[in-house]
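Observations on the three-dimensional arrangement
Single-letter residue listing:
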Amino acid sequence: MKSEIGNLLPPASVLGVGAVTPLGRDLQAIGEQLAEPAAATPAILRVSDDFLPDPAIGGRMRRADRFARMAAVAALDSWAAAKDACANVPKQRVGLIVASGFGPHCRGFRFLDGLLDCGDSDALPTDFSHSVHGAAAAYITELLELRGPSLSTTDFEIGFEQAVLLAQCWLDQRACDRVIVGAVEEIGEVLIHCASRMLGGERKFVPGEGAVFMTLGPADAAGLARLEAIAQPPEVDLMVLDVPANPPMATERPTIAARITTTFSPYFGHSPSSSAFQLLGGFLSLRAGRPLGRLVATASPGHLAAVDKVATFKPSCDLRAASLLMTKA
Amino acid sequence: MSQNRGRPYSVWIAGVGAVSGAGPDVSSTLDAFWNARRSPASTLPFESSIICPTFQVAAELPTLPKAVNRCRSLRLAMMAVREAMAEAEIKEFSGDERVGVCIGTTVASQLNSIPFYDAYRREGNPPLDAVYDYLHANLAQGVAELLGAAGPRMTIVNACSSGTDAIGVAASWIRAGMCDVAIAGGADELNRVALAGFWSLGVMSSRPCAPFDRDRQGLNLGEGAGIVVLESPSHAEKRNKNHGMELAGFGAACDGHHLTAPHPEGRGLDAAIRTALSQAGVTPNQIAFINVHGTATTENDRAEGKVIARIFDSRVSLSATKGYTGHTLGAAGGLEAVFTVLGLRKGWIPASAGFENQAEDIAVAPVRQRTAIDGEFALSTSLAFGGNNSAVVIRRSE
């Protein structure tokens, strides 16, 4: 029995979206690729370094790793996309929540390299300071000159959903006027090695990396869509399955009513933060007015009709607020 | 019954639990504080070429189910959780209650097993036990599953302010009606990677630490857990409980300045404290004492001292407790919130272990002797890597 904690707060208004994904960073181009059948899925879905340089960042992230860079470009893009809606908001009224499962583990292993090669007392301080989860948030707050609350969180199942729920809470309680909320994952060689041994042969699991951020405002702010974390999705136009397997296993088919069910796992891969990428696909479907992604099921003919209400759903997760509902503004 | 109803921010603090180098529970911690007794260890619980004092938990930790029993941070957390729940008179959750869990940490959030990684580099195919341990070590998830808590959960990794931030988040859940009870605070274990990391930053002391002191050299690492049980006034009323302690205000603000160093003027801490005071509906002169973050590093204590001198007058008493516990990182905010509750409850704060001489670059000073406290409100502050700052105001309402 799931509790209804996710249904107590008003939805947030989505004012801007930014992302860096294996399909690129330009949302229009990502949407166009999601409208096409997924290419043969590689073993790992990585973000090309070509998508990471940014004039707004310049040399200010010269010591940063890919984890912090992916988070920063996606957060900055979401803020830039929300520019008009945020122009008069004081920076001390802007909050930040960065969710991740694995955090900057690649930099952590680099610190361990130094520790093992040079000894405990001679490892590099820059690698240590970048190996903590909060490093990405620190760069974002510095680059955007934010002065409000900043949180980094970690969870292997529902980190992004809980981050959205907390953003709703902060906005509803007027702790912030805007919240930049997002998720970031980096896939490194050690994790790939572990995943292949732990999951190998059981299912077609494709690790994916990237970052998705959304700038949110209170429910009464005019925006692109409404977003809320919920316990159970209601009847929706488009259900987006957040599943590691491709195609979904029979037990992962949703029992909740939806005209169309799709998944974006073949395009973005899977990670502890994959619901953020599934939501990105849902958002782009809303924007396109039609379902994108890999079709899983259709409940009725005429599935190319308008999409106004999208939900993400984790079939294997019996936890509270494990779904996200996005509706057209 | 619910005396805090008039304060819109307030939630009850129904129980507290603490385990650290100062003691394995609240009563032994108070005994150490009363007698100004601190017990830094000169040897480490793991091999390292670094020589420095640390503050370790020597007590036997609770045995947890096999899948999670190797996570020392979770065992520390559960030790404090059980003490806090006992004081709150909550034996167990049936699964129907709306219970949230919000825990801060640093070490438990990282796959930093040196033996595993060393074997991976040498052999390429190491045993995966350390990876499974890591995947089971998410503290909020672990505590929630062990307690059967069916509410919101979040593991906060805001470095040294994680525990304070966790308490603030949990309070916001209760205020939003998302849960009736929340387990909140922080937990962290001593770890070779964190030790080498802080050593590399040049912020560790080779002597027992001396927060705010003229001759402070840096921090000592410690381990432990500090947990509070928060409860909504309406839920407490249904249980016919008047806990007498409230979380009256919380504030958080980032510096947006530097990855590791605090803003030199304490910009974010200033904002966090003012927000917490505002939410509590109090003025600075109503604060009886401040449990300062006081890491004993040059930069932290200087920035924190500037902010305190700017906001508060010289009558406020400062309590610097890391001389007893070391810097417990993600646990620090949880532990120090508990110490703040204890100070208000008992009417005294301990001598600030390690502090002897007023620093020239800090206008304020923590108490040198055990000091009587007479007041309704107290503050606990946290500063962290990444420029995170947070503060809680606690009220004694009985």
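Residues numbered from 1 in each chain as written. Chains lettered and ligands numbered in written order. Predicted model: local features only at pLDDT ≥ 70, side-chain atom pairs only at ≥ 80, totals over all residues.

1. Quick word on the overall build of chain B
Summing up its helical and strand segments, chain B has 12 helices and 14 strands in all. For 398 residues, the compact-globule estimate of 2.2 N^0.38 gives 21 Å, and chain B sits close to it at 20 Å. A principal-axis box enclosing the C-alpha atoms of chain B has dimensions of 65 × 55 × 40 Å. Relative to its full complement of 398 residues, chain B shows a buried share of 66%. Look at the contacts in chain B between residues 6 or more apart in sequence, and 81% of them connect residues 24 or more apart. (Helix = DSSP H or I, 4+ residues; strand = E, 2+ residues; numbered from the N terminus. Rg over C-alpha atoms; globule rule 2.2 N^0.38 Å. Buried ≥ 20, exposed ≤ 12 C-beta atoms within 10 Å, placed from the backbone. Contact = placed C-beta atoms within 7 Å.)

2. Points about the overall build of chain A
Looking only at helices and strands, chain A features 10 helices and 11 strands. Within chain A, buried positions represent 61% of all 329 residues. Considering only contacts within chain A whose residues lie at least 6 apart along the sequence, 79% involve residues at least 24 apart.

3. Some words on the interface of chain A and chain B
Listed by partner, the interface residues are 53 residues for chain A and 58 residues for chain B. Of all the secondary-structure elements, those providing two or more residues to the side of chain A that touches chain B are α4 (105-118), α5 (125-131), α6 (135-144), β3 (150-154), α7 (159-172) and α8 (189-199) of chain A. With 7 residues, the top contributor of residues to the side of chain A that touches chain B is α4(A). Residue composition of the side of chain A that touches chain B, by class: 27 nonpolar, 18 polar and 8 charged. The pairing of β3(A) with strand β4 (residues 153-156) of chain B spans 2 bridges and is antiparallel. Its bridge partner lying in β4(B), A:Thr153 is registered against B:Ile156. (Nonpolar A, V, L, I, M, F, W, Y, C, P; charged D, E, K, R; others polar. Pairing = 2+ DSSP bridges.)

4. Quick word on the pairing of strand β5 (residues 181-188) of chain B
The side chains of a regular strand alternate, residue by residue, between the two faces of the sheet. Residue and element names in this part refer to chain B. In terms of residue burial, β5 counts as a mostly covered element, since 8 of its 8 residues are buried. Side chains of β5 alternate between two faces, with Val181, Ile183, Gly185 and Ala187 and Ala182, Ala184, Gly186 and Asp188 buried alike. The pairing of strand β3 (residues 99-104) with β5 spans 6 bridges and is parallel. Residue Gly104 lies in a different strand from β5, and its bridge partner there is Gly186.

5. What about the domain arrangement of chain A?
Residue and element names in this part refer to chain A. What the domain assignment lists for chain A is domain 1 (5-220) and domain 2 (228-328). The interface of domain 1 with domain 2 comprises 48 residues on the first partner and 35 residues on the second. Looking at the side of domain 1 that touches domain 2, the elements that each hand over two or more residues are β1 (12-20), α1 (27-34), β2 (94-100), α7, β4 (178-185) and β5 (210-217). In terms of residues, the side of domain 1 that touches domain 2 owes the most to one element, α7, which gives 7 residues. Within the side of domain 1 that touches domain 2, the residues separate by chemical class into 27 nonpolar, 14 polar and 7 charged. (Domains from an automatic or database assignment.)

6. Regarding the environment of B:Pro40
Residues and elements named next belong to chain B. For Pro40, the position within the fold is in the loop between α1 (26-34) and β2 (54-55). Residue Pro40 is classed as buried on the basis of its C-beta count, with 20 C-beta atoms lying within 10 Å. Taking the C-alpha atoms as reference points, Pro40 and Asp213, 173 residues apart in sequence, are found 18 Å from one another. If near-sequence neighbours (up to four positions away) are discounted, Pro40 is found in contact with Pro53, Thr54, Phe55, Pro208 and Asn220.

7. As for the environment of B:Gly334
Residues and elements named next belong to chain B. Within the secondary structure, Gly334 sits in helix α12 (residues 332-346). Gly334 gets classed as buried once you count the C-beta atoms within 10 Å, which come to 37. Sequence spacing of Gly334 and Val228 is 106 residues, and the spatial spacing of their C-alpha atoms is 7.4 Å. When sequence neighbours within four positions are dropped, the list of residues in contact with Gly334 reads Gly104, Gly163, Ala166, Ile167, Gly185, Gly186, Ala225, Gly226 and Ile227.

8. What to know about helix α3 (residues 114-123) of chain B
In an α-helix, one turn spans 3.6 residues, which is why side chains three or four residues apart end up on the same side. What α3(B) keeps buried is the set B:Phe116, B:Tyr117 and B:Tyr120. Each buried residue of α3(B) lies within a common arc of 90° when the element is viewed along its axis, so the set occupies one face. Every exposed residue of α3(B) that faces more than 90 degrees away from the buried side is listed here: B:Pro115, B:Arg122 and B:Glu123. Packed against the buried residues of α3(B) are α4 and α8 of chain A together with α4 (129-135) of chain B. In the segment just after α3(B), B:Gly124 is the residue with positive phi, at about 80°. (Arc of directions from axis to C-beta.)

9. Overview of the nonpolar core
With 241 residues, the main nonpolar core has A:Ala71, B:Ala77, B:Ala182 and B:Leu230 as its most contacted residues. A per-element tally of this core places helix α2 (residues 66-81) of chain A first, with 11 residues. Here this core gathers at least three residues from each of two domains, domain 1 (5-220) and domain 2 (228-328) of chain A. Beyond its immediate sequence surroundings of up to four residues, B:Ala182 is in contact with B:Val99, B:Gly100, B:Val101, B:Cys102, B:Ala170, B:Trp173, B:Ile174 and B:Leu230. In this structure, B:Ala22, B:Tyr324, B:Ala351 and B:Ala353 belong to the second largest nonpolar core, which totals 5 residues. (Core = buried A, V, L, I, M, F, W, Y, C linked by C-beta atoms within 7 Å.)

10. Some details on unusual backbone geometry
Peptide bonds are trans in most cases, and residues, glycine excluded, mostly fall at negative phi. Residue and element names in this part refer to chain B. Of note, Phe212 is a non-glycine position whose phi angle comes to about 65°, a positive value. Looking at the secondary structure, you find Phe212 in the loop between α7 (192-200) and β6 (221-222). By the C-beta count within 10 Å, which is 29 here, Phe212 ends up buried. The residue Asn240 is not glycine, and still its phi comes out positive at about 60°. Tracing the sequence through the fold places Asn240 in the loop between α8 (233-238) and β8 (245-254). With 7 C-beta atoms counted inside 10 Å, the residue Asn240 sits in the exposed group.

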